[in-house]
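# Commentary on secondary and tertiary structure
Each chain, letter by letter, is given below.
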Amino acid sequence: MVKVRIVLVESALELVPREIINHPAVVKNARRRGKRPSEVLLDVSIHYAAMKNLPNRFKRGRPDIVHISLLNALSSPLNIEGYLEFYIHTIQDQVIFVNPKMRPPRDYRRFIGLMEQLLVTGKVPPDSDEPLMYIKTLTVKDLVKKLNIKHVILLSEKGELVTPDEVASLAIRGDTAIFIGGFAHGDFGREVYEVASDILAIYPKPLDAWIVVSRIIEACERKLKVYSFRLE
Ligand SMILES: C[S@@+](CC[C@H](N)C(=O)[O-])C[C@H]1O[C@@H](n2cnc3c(N)ncnc32)[C@H](O)[C@@H]1O
(Lines give C-alpha, C1' and ligand atoms only; values in the text may rest on other atoms or scores of the structure.)
Protein backbone atom coordinates (compact mmCIF):
# COMPACT_ATOMS: atom_id res chain seq x y z
CA MET A 1 0.00 0.00 0.00
CA VAL A 2 1.19 3.52 -0.82
CA LYS A 3 2.34 5.47 2.23
CA VAL A 4 2.51 9.25 2.41
CA ARG A 5 5.14 10.28 4.96
CA ILE A 6 4.86 13.72 6.50
CA VAL A 7 7.40 14.91 9.05
CA LEU A 8 6.77 18.01 11.11
CA VAL A 9 10.39 19.11 11.57
CA GLU A 10 12.07 21.15 14.32
CA SER A 11 8.68 21.35 16.01
CA ALA A 12 8.38 23.88 18.83
CA LEU A 13 7.57 21.19 21.41
CA GLU A 14 9.81 20.55 24.42
CA LEU A 15 9.81 20.47 28.22
CA VAL A 16 10.93 23.65 30.01
CA PRO A 17 14.73 23.70 29.52
CA ARG A 18 17.12 23.62 32.46
CA GLU A 19 18.26 27.24 31.92
CA ILE A 20 14.89 28.69 32.98
CA ILE A 21 13.67 26.08 35.44
CA ASN A 22 13.97 28.48 38.38
CA HIS A 23 12.38 31.49 36.71
CA PRO A 24 9.46 32.76 38.85
CA ALA A 25 6.97 32.57 35.94
CA VAL A 26 7.92 28.91 35.35
CA VAL A 27 7.86 27.96 39.03
CA LYS A 28 4.51 29.67 39.64
CA ASN A 29 2.79 28.02 36.69
CA ALA A 30 4.20 24.58 37.52
CA ARG A 31 3.14 24.86 41.16
CA ARG A 32 -0.38 25.84 40.16
CA ARG A 33 -0.58 22.74 37.98
CA GLY A 34 0.89 20.51 40.69
CA LYS A 35 3.91 19.60 38.52
CA ARG A 36 7.67 20.00 38.67
CA PRO A 37 8.94 22.81 36.40
CA SER A 38 10.98 20.21 34.47
CA GLU A 39 7.79 18.26 33.66
CA VAL A 40 5.91 21.16 32.09
CA LEU A 41 5.79 21.93 28.34
CA LEU A 42 7.49 25.14 27.26
CA ASP A 43 4.75 27.50 26.05
CA VAL A 44 5.50 31.06 24.96
CA SER A 45 2.02 32.22 25.96
CA ILE A 46 2.82 31.24 29.57
CA HIS A 47 6.61 31.50 29.72
CA TYR A 48 7.16 34.59 27.58
CA ALA A 49 9.17 36.51 30.23
CA ALA A 50 11.25 33.46 31.13
CA MET A 51 12.11 32.78 27.47
CA LYS A 52 13.60 36.22 26.80
CA ASN A 53 17.22 35.00 26.89
CA LEU A 54 16.73 31.51 25.45
CA PRO A 55 18.71 30.83 22.26
CA ASN A 56 16.46 30.49 19.21
CA ARG A 57 13.48 31.62 21.27
CA PHE A 58 11.32 32.56 18.26
CA LYS A 59 11.38 28.93 17.12
CA ARG A 60 10.39 27.48 20.52
CA GLY A 61 7.42 27.06 22.85
CA ARG A 62 4.52 26.60 20.41
CA PRO A 63 2.91 23.22 21.22
CA ASP A 64 -0.35 24.51 19.68
CA ILE A 65 1.26 24.13 16.21
CA VAL A 66 1.79 20.42 16.85
CA HIS A 67 -1.71 20.07 18.30
CA ILE A 68 -3.56 21.57 15.31
CA SER A 69 -1.31 19.85 12.76
CA LEU A 70 -1.75 16.47 14.47
CA LEU A 71 -5.54 16.86 14.57
CA ASN A 72 -5.58 17.77 10.87
CA ALA A 73 -3.39 14.83 9.94
CA LEU A 74 -4.92 12.05 12.01
CA SER A 75 -8.56 12.99 11.38
CA SER A 76 -8.05 13.11 7.61
CA PRO A 77 -9.60 10.55 5.25
CA LEU A 78 -6.01 9.89 4.04
CA ASN A 79 -5.14 8.63 7.51
CA ILE A 80 -8.46 6.85 8.05
CA GLU A 81 -7.82 4.91 4.82
CA GLY A 82 -4.34 3.90 6.08
CA TYR A 83 -2.17 5.93 3.67
CA LEU A 84 -0.54 8.33 6.15
CA GLU A 85 2.55 8.11 8.35
CA PHE A 86 2.92 11.25 10.47
CA TYR A 87 6.10 11.94 12.46
CA ILE A 88 6.90 14.82 14.80
CA HIS A 89 10.59 15.75 14.97
CA THR A 90 11.25 18.32 17.71
CA ILE A 91 13.69 21.19 18.05
CA GLN A 92 15.55 19.05 20.66
CA ASP A 93 16.05 16.20 18.14
CA GLN A 94 13.46 13.85 19.49
CA VAL A 95 11.13 12.05 17.11
CA ILE A 96 7.60 11.17 18.14
CA PHE A 97 6.29 8.05 16.40
CA VAL A 98 2.53 8.35 16.17
CA ASN A 99 0.18 5.39 15.93
CA PRO A 100 -2.19 6.26 13.05
CA LYS A 101 -5.08 4.87 15.10
CA MET A 102 -4.51 7.40 17.86
CA ARG A 103 -7.30 9.90 18.50
CA PRO A 104 -5.47 13.03 19.75
CA PRO A 105 -7.24 14.99 22.50
CA ARG A 106 -9.43 17.71 20.96
CA ASP A 107 -9.04 19.84 24.07
CA TYR A 108 -5.72 21.78 24.19
CA ARG A 109 -5.19 21.36 27.93
CA ARG A 110 -5.63 17.61 27.67
CA PHE A 111 -3.22 17.56 24.71
CA ILE A 112 -0.62 19.42 26.80
CA GLY A 113 -1.01 16.90 29.64
CA LEU A 114 -0.57 13.97 27.22
CA MET A 115 2.54 15.43 25.59
CA GLU A 116 4.07 16.16 29.00
CA GLN A 117 3.52 12.55 29.98
CA LEU A 118 5.06 11.44 26.64
CA LEU A 119 8.18 13.60 27.00
CA VAL A 120 8.70 12.56 30.63
CA THR A 121 8.09 8.80 30.28
CA GLY A 122 9.02 8.21 26.61
CA LYS A 123 5.68 6.67 25.62
CA VAL A 124 1.93 6.91 26.17
CA PRO A 125 0.27 5.08 27.75
CA PRO A 126 3.49 4.58 29.80
CA ASP A 127 3.01 0.85 30.46
CA SER A 128 1.66 -0.15 27.03
CA ASP A 129 3.29 -2.63 24.63
CA GLU A 130 1.42 -0.95 21.76
CA PRO A 131 1.77 2.75 22.62
CA LEU A 132 -0.22 5.49 20.88
CA MET A 133 2.99 7.53 20.73
CA TYR A 134 6.61 6.88 21.65
CA ILE A 135 9.86 8.83 21.41
CA LYS A 136 13.31 8.16 20.06
CA THR A 137 16.23 10.58 20.15
CA LEU A 138 16.99 11.11 16.45
CA THR A 139 18.23 13.93 14.26
CA VAL A 140 16.49 14.50 10.91
CA LYS A 141 19.43 12.71 9.26
CA ASP A 142 18.96 9.71 11.58
CA LEU A 143 15.23 9.64 10.81
CA VAL A 144 15.77 9.74 7.03
CA LYS A 145 18.16 6.80 7.36
CA LYS A 146 15.93 4.82 9.72
CA LEU A 147 12.88 5.15 7.44
CA ASN A 148 14.96 4.46 4.31
CA ILE A 149 13.82 7.69 2.71
CA LYS A 150 15.46 8.48 -0.65
CA HIS A 151 13.88 11.89 -1.38
CA VAL A 152 13.11 14.64 1.10
CA ILE A 153 10.76 17.33 -0.18
CA LEU A 154 11.26 20.35 2.04
CA LEU A 155 8.29 22.71 1.96
CA SER A 156 9.21 26.34 2.46
CA GLU A 157 7.80 29.65 1.36
CA LYS A 158 11.26 30.31 -0.12
CA GLY A 159 11.13 27.24 -2.40
CA GLU A 160 10.28 26.87 -6.06
CA LEU A 161 6.57 27.52 -6.51
CA VAL A 162 4.53 24.42 -7.45
CA THR A 163 0.96 23.27 -6.81
CA PRO A 164 -0.07 21.01 -3.91
CA ASP A 165 -0.98 18.43 -6.61
CA GLU A 166 2.62 18.42 -7.85
CA VAL A 167 3.85 17.86 -4.29
CA ALA A 168 1.32 15.04 -3.93
CA SER A 169 2.65 13.31 -7.08
CA LEU A 170 6.08 13.24 -5.42
CA ALA A 171 4.73 12.32 -1.97
CA ILE A 172 3.06 9.09 -3.12
CA ARG A 173 6.24 7.60 -4.63
CA GLY A 174 6.90 5.47 -1.57
CA ASP A 175 10.52 6.43 -0.92
CA THR A 176 9.77 10.09 -0.20
CA ALA A 177 9.05 12.22 2.87
CA ILE A 178 7.48 15.66 3.01
CA PHE A 179 9.12 17.95 5.58
CA ILE A 180 7.10 20.83 7.05
CA GLY A 181 8.44 23.17 9.74
CA GLY A 182 6.63 22.78 13.07
CA PHE A 183 7.56 26.27 14.26
CA ALA A 184 6.09 29.76 13.89
CA HIS A 185 9.03 32.00 12.94
CA GLY A 186 12.50 31.67 11.51
CA ASP A 187 14.25 29.29 9.17
CA PHE A 188 15.23 25.62 9.13
CA GLY A 189 18.57 24.60 10.61
CA ARG A 190 21.50 23.58 8.40
CA GLU A 191 20.94 19.83 8.80
CA VAL A 192 17.39 20.08 7.42
CA TYR A 193 18.70 21.80 4.28
CA GLU A 194 21.43 19.16 4.00
CA VAL A 195 18.91 16.29 3.77
CA ALA A 196 16.53 18.10 1.41
CA SER A 197 16.41 16.87 -2.20
CA ASP A 198 14.03 19.64 -3.32
CA ILE A 199 12.77 22.84 -1.72
CA LEU A 200 9.25 23.66 -2.86
CA ALA A 201 6.59 26.27 -2.06
CA ILE A 202 2.85 25.78 -2.57
CA TYR A 203 1.98 29.47 -2.22
CA PRO A 204 4.02 32.66 -2.69
CA LYS A 205 3.45 33.84 0.91
CA PRO A 206 4.16 32.19 4.31
CA LEU A 207 1.42 29.88 5.60
CA ASP A 208 0.81 28.29 8.99
CA ALA A 209 2.20 24.78 9.28
CA TRP A 210 -1.22 23.18 9.82
CA ILE A 211 -2.58 24.73 6.61
CA VAL A 212 0.35 23.28 4.67
CA VAL A 213 -0.21 19.88 6.34
CA SER A 214 -3.89 19.94 5.42
CA ARG A 215 -3.38 21.11 1.80
CA ILE A 216 -0.79 18.40 1.09
CA ILE A 217 -2.97 15.73 2.66
CA GLU A 218 -5.97 16.90 0.64
CA ALA A 219 -3.96 16.83 -2.60
CA CYS A 220 -2.74 13.30 -1.79
CA GLU A 221 -6.34 12.22 -1.09
CA ARG A 222 -7.36 13.36 -4.58
CA LYS A 223 -4.33 11.77 -6.19
CA LEU A 224 -5.04 8.45 -4.45
CA LYS A 225 -8.76 8.75 -5.32
CA VAL A 226 -9.83 8.51 -1.70
CA TYR A 227 -13.16 10.15 -2.63
CA SER A 228 -14.05 7.88 -5.58
CA PHE A 229 -17.00 6.07 -4.10
CA ARG A 230 -19.38 6.15 -7.04
CA LEU A 231 -19.34 3.09 -9.28
CA GLU A 232 -18.42 4.01 -12.86
C1 LIG B 1 4.89 29.32 9.90
S2 LIG B 1 5.96 28.55 8.78
C3 LIG B 1 7.59 28.76 9.46
C4 LIG B 1 8.06 30.13 9.67
C5 LIG B 1 8.20 31.06 8.48
N6 LIG B 1 9.50 30.88 7.88
C7 LIG B 1 8.05 32.51 9.00
O8 LIG B 1 9.01 33.04 9.58
O9 LIG B 1 6.93 33.01 8.89
C10 LIG B 1 5.70 26.86 9.04
C11 LIG B 1 6.09 25.91 7.94
O12 LIG B 1 5.06 25.83 6.97
C13 LIG B 1 5.63 25.59 5.69
N14 LIG B 1 5.26 26.69 4.82
C15 LIG B 1 4.88 27.93 5.17
N16 LIG B 1 4.57 28.66 4.08
C17 LIG B 1 4.74 27.85 3.02
C18 LIG B 1 4.56 28.01 1.61
N19 LIG B 1 4.14 29.15 1.09
N20 LIG B 1 4.81 26.95 0.81
C21 LIG B 1 5.22 25.78 1.32
N22 LIG B 1 5.41 25.57 2.64
C23 LIG B 1 5.18 26.59 3.48
C24 LIG B 1 7.12 25.49 5.86
O25 LIG B 1 7.49 24.13 5.98
C26 LIG B 1 7.32 26.25 7.14
O27 LIG B 1 8.48 25.84 7.83
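Because the structure is a prediction, the values reported are computed rather than measured. (Residues numbered from 1 in each chain as written. Predicted model: local features only at pLDDT ≥ 70, side-chain atom pairs only at ≥ 80, totals over all residues.)

What the domain assignment lists for the protein is domain 1 (4-14 + 58-223) and domain 2 (18-57). Placing the centre of domain 1 and that of domain 2 at their C-alpha centroids yields a distance of 25 Å. Examining the composition of the side of domain 1 that touches domain 2, we find that four residues originate from one element, helix 5 (residues 108-121), more than from any other. Of the residues contributing to the side of domain 1 that touches domain 2, the split by class is six nonpolar, one polar and five charged. (Domains from an automatic or database assignment. Helix = DSSP H or I, 4+ residues; strand = E, 2+ residues; numbered from the N terminus. Nonpolar A, V, L, I, M, F, W, Y, C, P; charged D, E, K, R; others polar.)

Moving on to the nonpolar core. Within the largest apolar cluster, 61 residues are counted, with the highest numbers of intra-cluster contacts made by Ile 6, Ile 178, Phe 179, Ile 180 and Ile 216. In this structure, this core is formed jointly by two domains, domain 1 (4-14 + 58-223) and domain 2 (18-57), each of which donates at least three residues. Here Ile 6 is in contact with Ala 73, Leu 84, Phe 86, Ile 178, Ile 180, Val 213 and Ile 216, once residues within four sequence places are set aside. (Core = buried A, V, L, I, M, F, W, Y, C linked by C-beta atoms within 7 Å. Buried ≥ 20, exposed ≤ 12 C-beta atoms within 10 Å, placed from the backbone. Contact = placed C-beta atoms within 7 Å.)

Further remarks concern the site of the ligand. Within the structure, the ligand sits among 19 residues, and Leu 155, Glu 157, Gly 181, Ala 201 and Leu 207 are positioned closest to it. Mapped onto the shell around the ligand, the elements with two or more residues apiece are strand 6 (151-161), strand 7 (176-181) and helix 9 (209-223). Among the elements that line the shell around the ligand, the one with the most residues is strand 6, at three residues. Taken together, the residues of the shell around the ligand sort by class into 11 nonpolar, four polar and four charged. (Near = placed C-beta within 6 Å.)

In terms of residue burial, strand 2 (residues 84-90) counts as a mostly covered element, since five of its seven residues are buried. Pairing analysis gives six bridges linking strand 1 (residues 4-11) to strand 2, with the strands arranged parallel. Paired with Val 4 across the two strands is Leu 84, which belongs to strand 2. Alignment of strand 2 against strand 3 (residues 94-98), held across three bridges, turns out to be antiparallel. By the bridge assignment, His 89 is partnered in strand 3 with Val 95. (Pairing = 2+ DSSP bridges.)

Across the sheet, eight strands lie side by side as 4-5-3-2-1-7-6-8; this open sheet has mixed pairing. If you trace the sheet from one side to the other, it starts and ends with strand 4 (123-124) and strand 8 (198-201), each paired once. Summarising the sheet, strand 6 and strand 8 pair through five bridges and their orientation is parallel. Paired with Leu 155 across the strands is Leu 200, a residue of strand 8. Sheet contacts for helix 9: strand 1, strand 6 and strand 7; angle to strand 7, the most-contacted strand, approximately 155°. (Axes fitted to C-alpha atoms, helices over the stretch in contact; angles between N-to-C directions.)

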